Amino acid sequence: SIVMMVNEKFRENVPIWDVFHARNEEHIVPFFARVFGLGSEKEMTLVEKISQVLFLINCYSSLEDQKVRSCCMKYISLPMWKHLSKTRLRENFHRTPKLQAVWKVIESKHTAAESDFF
């Protein structure tokens, strides 16, 4: 499967997302949607579940890539990042400065909401 191939390329430290860049957007988005929805479609074996989780980890570790980010950010909310360590947040923002600007807006809204609540 493509998921297992991507996981293996990550393990070998081979750049894999370049292959996805060569593809048309109309192929990539449905692929990611299918991978994210695998567990809801059918009963998966343990190996399939592990492969899916590893693939998702690899994707979310590659948010600096525009195509990966555009596919993955639909499935995760940036406010969830408040649970990351400060070091990990700095690393993510260093790799993707655009996210830092969005993060500042989210943080200011969160701070305002907290001050209104208490």
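None of these values were measured; they are calculated from a predicted model.

Our focus in this paragraph is the overall build of the protein. For the protein, the helix and strand inventory stands at eight helices and zero strands. For the protein, the α and β elements follow one another from N to C terminus as α-α-α-α-α-α-α-α. On the principal axes, the C-alpha backbone points of the protein span a range of 50 × 30 × 30 Å. Buried positions account for 31% of the 118 residues belonging to the protein. Put simply, of all contacts in the protein between residues at least 6 apart along the chain, 52% involve residues at least 24 apart. Counting only carbon and sulfur atoms, one obtains 61% of the accessible surface of the protein, whose full area is about 8,200 Å².

You can see Phe20 is positioned in helix H2 (residues 17–21). The buried category is assigned to Phe20, whose relative accessible area is 11%. Once the C-alpha coordinates of Phe20 and Thr96 are considered, the two residues, 76 residues apart in sequence, prove to be 19 Å apart. Among all residues touching Phe20, those that are not within four sequence positions of it are Ile2, Val6, Ile28, Phe31, Phe32 and Lys67.

Here we come to unusual backbone geometry. Phi at Asn13 takes a positive value of approximately 65°, unusual for a residue other than glycine. Structurally, the position occupied by Asn13 is in the loop between helix H1 (2–11) and H2.

Thresholds applied
- Residues numbered from 1 in each chain as written.
- Predicted model: local features only at pLDDT ≥ 70, side-chain atom pairs only at ≥ 80, totals over all residues.
- Heavy atoms only, no water.
- Helix = DSSP H or I, 4+ residues; strand = E, 2+ residues; numbered from the N terminus.
- Buried < 20%, exposed > 50% of the residue type's maximum accessible area, 1.4 Å probe, protein only.
- Contact = heavy atoms within 4.5 Å.
- Areas by Shrake-Rupley, 256 points an atom, 1.4 Å probe, with all protein chains shown as cover.

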